[in-house]
Amino acid sequence: MQKQVLDKIRYGNEPHALILCEHPHTITQGRMTKESDLLISPLKLKQLGVSNYSVERGGRITYHGPGQLVAYPVFDLNKFKKDLKFFLWSLEEVIINFLNNFNLEAERKPGYTGVWIEDKKIASIGIAVKRWITFHGLAINLNTDLEYFSFVRPCGLDIQMTSLSRLLGKKIVIDNQLKGKLVDEFKKVFALEIIKGGL
Amino acid sequence: MTKVVLPALGEGIVKASVTYWNFEVGDEVKEGEDLVELATDKATFNMPSPASGILKEKLKEEGDEVHVGDALAMIEEQ
């Protein structure tokens, strides 16, 4: 689906697109993944009902699943700045501003793309670019069952993951209002207007 | 012959690794087709072919590091 949108932007003069979703239990392995990043056998994963895919984004291994809000910005960087670092920085900015809504001090960790709170990682980023049009994107742990991250070395690092519900000590409902907050931050950081679609 | 050169990918990014060649030597490529995929730490970047022709030579293999401005391949225009 992201690629269909990308082709429309590439060949059909369509404007930028932003796709929000949640995934079923899935492990994805980005291009830089090492074999040692997966800590469980593929057979065991299958038994647990966790899908496992190699994908063409940057970065290493991660987990996606229910309770995690995933955003795929299919943006034409020809119209912003043809700079991968600028784009990754801007995605971090979106996530940090989104988490500020909950009075949380989220921050960057120099040298480690993503967003962190108290040295634990709450959001991960991995992107791909064709003709300076982006796909793949970011994942923020809201109600994510963090146990599933124990099957992998997230992003190839020995780190702890956290989630919004763990930090706030309550369940977070992923509804349109919450998604709207994330969309608002995208609008602000990238100075975009929503011209069609909706939640 | 057209040299395929790694363009600037962003401020402070000096190198990338070749992750995937979409074509083999001897293949015909069209200008704008995704020729080769490169990766930095958190991003992959698909390099479009700068010309139409035959892919004559790959100067970098999958797994190799490439610096901005380095040549990746040679394309013989037809």
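One structure accompanies this document, and this report is about it. (Residues numbered from 1 in each chain as written. Chains lettered and ligands numbered in written order. Predicted model: local features only at pLDDT ≥ 70, side-chain atom pairs only at ≥ 80, totals over all residues. Heavy atoms only, no water.)

1. Overview of the overall build of chain A
Scanning chain A for helices and strands turns up five helices and nine strands. Order of helices (α) and strands (β) in chain A, N terminus to C terminus: α-β-β-α-β-β-β-α-β-β-β-β-α-α. Its C-alpha atoms give chain A a radius of gyration of 16 Å, near enough to 16 Å, the size a compact globule of 199 residues would have. Here the C-alpha coordinates of chain A stretch approximately 45 × 35 × 30 Å along the principal axes. Looking at chain A residue by residue over its 199 residues, the buried ones come to 54%. Split by element, the accessible area of chain A, about 9,800 Å² in all, is 48% carbon and sulfur. Looking at chain A, you have 28 positive and 21 negative side-chain charges, and the mean spots of the two groups are 5 Å apart. (Helix = DSSP H or I, 4+ residues; strand = E, 2+ residues; numbered from the N terminus. Rg over C-alpha atoms; globule rule 2.2 N^0.38 Å. Buried < 20%, exposed > 50% of the residue type's maximum accessible area, 1.4 Å probe, protein only. Areas by Shrake-Rupley, 256 points an atom, 1.4 Å probe, with all protein chains shown as cover. Lys, Arg positive; Asp, Glu negative; His and termini not counted. Charge placed at Lys NZ, Arg CZ, Asp CG, Glu CD.)

2. Looking at the overall build of chain B
A count of helical and extended segments in chain B gives zero helices and eight strands. Counting helices and strands in the order they occur from the N terminus, chain B gives β-β-β-β-β-β-β-β. Taking 2.2 N^0.38 as the reference for a compact globule, 78 residues should give roughly 12 Å; the C-alpha atoms of chain B span a radius of gyration of 12 Å, in line with that estimate. Going through the 78 residues of chain B one by one, you find that 51% of them count as buried. Restricting the contact set of chain B to residue pairs at least 6 apart, pairs at least 24 apart contribute 56%. When the accessible surface of chain B is split by element, carbon and sulfur atoms take 44% of a total near 3,700 Å². (Contact = heavy atoms within 4.5 Å.)

3. Topic: the packing of helix 3 (residues 84-100) of chain A against helix 5 (residues 176-190) of chain A
All names here are of chain A. Two elements in contact, helix 3 and helix 5, have axes separated by 9 Å at closest approach and are oriented at 135 degrees. What the angle tells us is that helix 3 and helix 5 run oblique. With respect to the hand of their crossing, helix 3 and helix 5 are arranged in right-handed fashion. Residues Phe87, Ser90, Leu91, Glu93, Val94, Asn97 and Phe98 of helix 3 lie in contact with helix 5, whose contacting residues are Leu178, Lys181, Leu182, Glu185, Phe186, Val189 and Phe190. Of the residues that constitute the contact of helix 3 with helix 5, the class distribution is nine nonpolar, two polar and three charged. (Axes fitted to C-alpha atoms, helices over the stretch in contact; angles between N-to-C directions. Parallel < 35°, antiparallel > 145°, perpendicular 65-115°, else oblique. Left-handed = near helix turned anticlockwise from the far one by under 90°. Nonpolar A, V, L, I, M, F, W, Y, C, P; charged D, E, K, R; others polar.)

4. Details of the environment of Lys188 of chain A
Position of Lys188 of chain A among the secondary structure elements: in helix 5. We classify Lys188 of chain A as exposed; its relative accessible area is 60%.

5. Observations regarding the sheet that holds strand 3 (residues 28-29) of chain B
All names here are of chain B. Judged by pairing direction, the sheet is antiparallel, and its four strands sit side by side in the order 1-8-6-3 without closing on themselves. Where the open sheet ends on each side, the last strands, each with one partner, are strand 1 (2-5) and strand 3. Two strands pair when backbone bridges link them, and strand 3 and strand 6 (residues 53-58) are joined in this way by two bridges, in the antiparallel orientation. When the bridges of strand 6 are listed, Glu28 appears paired with Ile54. (Pairing = 2+ DSSP bridges.)

6. Description of the interface of chain B and chain A
At the interface, 20 residues of chain B touch 25 residues of chain A. Counting each side, the surface lost to burial between chain B and chain A is near 1,800 Å², with a carbon and sulfur contribution of 50%. If you sort the residues of chain B by the area they bury against chain A, Lys42, Thr44 and Phe45 of chain B come out on top, with a joint share of 35%. The tally of links from chain B across to chain A stands at three salt bridges. For Asp34 of chain B, the salt bridge goes to Arg10 of chain A, with nearest N and O atoms at 3.9 Å. Taken together, the connections running from chain B to chain A amount to twelve residue pairs in polar contact (both at pLDDT 80 or more). Mapped onto the side of chain B that touches chain A, the elements with two or more residues apiece are strand 2 (15-21), strand 4 (34-39) and strand 5 (43-48) of chain B. With five residues, the single largest contributor to the side of chain B that touches chain A is strand 5 of chain B. Pairing geometry for strand 8 (residues 120-130) of chain A and strand 5 of chain B, over four bridges, is parallel. Note on strand 5 of chain B: the bridge partner recorded for Ile127 of chain A is Ala43 of chain B. (Buried area = accessible area lost by both parts, 1.4 Å probe. Salt bridge = Lys/Arg side-chain N within 4 Å of Asp/Glu carboxyl O. Polar contact = N/O pair within 3.5 Å; in protein donor to acceptor, adjacent residues only side chain to side chain.)

7. Notes on the sheet that holds strand 2 (residues 26-29) of chain A
All names here are of chain A. If you walk across this open sheet you meet the three strands as 3-2-4, and the pairing is mixed. Where the open sheet ends on each side, the last strands, each with one partner, are strand 3 (51-54) and strand 4 (61-64). Sheet twist, expressed as the average angle between the axes of neighbouring strands with direction ignored, equals 20 degrees. Sheet topology places strand 2 next to strand 4; four bridges connect them, and they run antiparallel. Note on strand 4: the bridge partner recorded for Gln29 is Ile61.

By themselves, these figures tell us nothing about what the structure is for.
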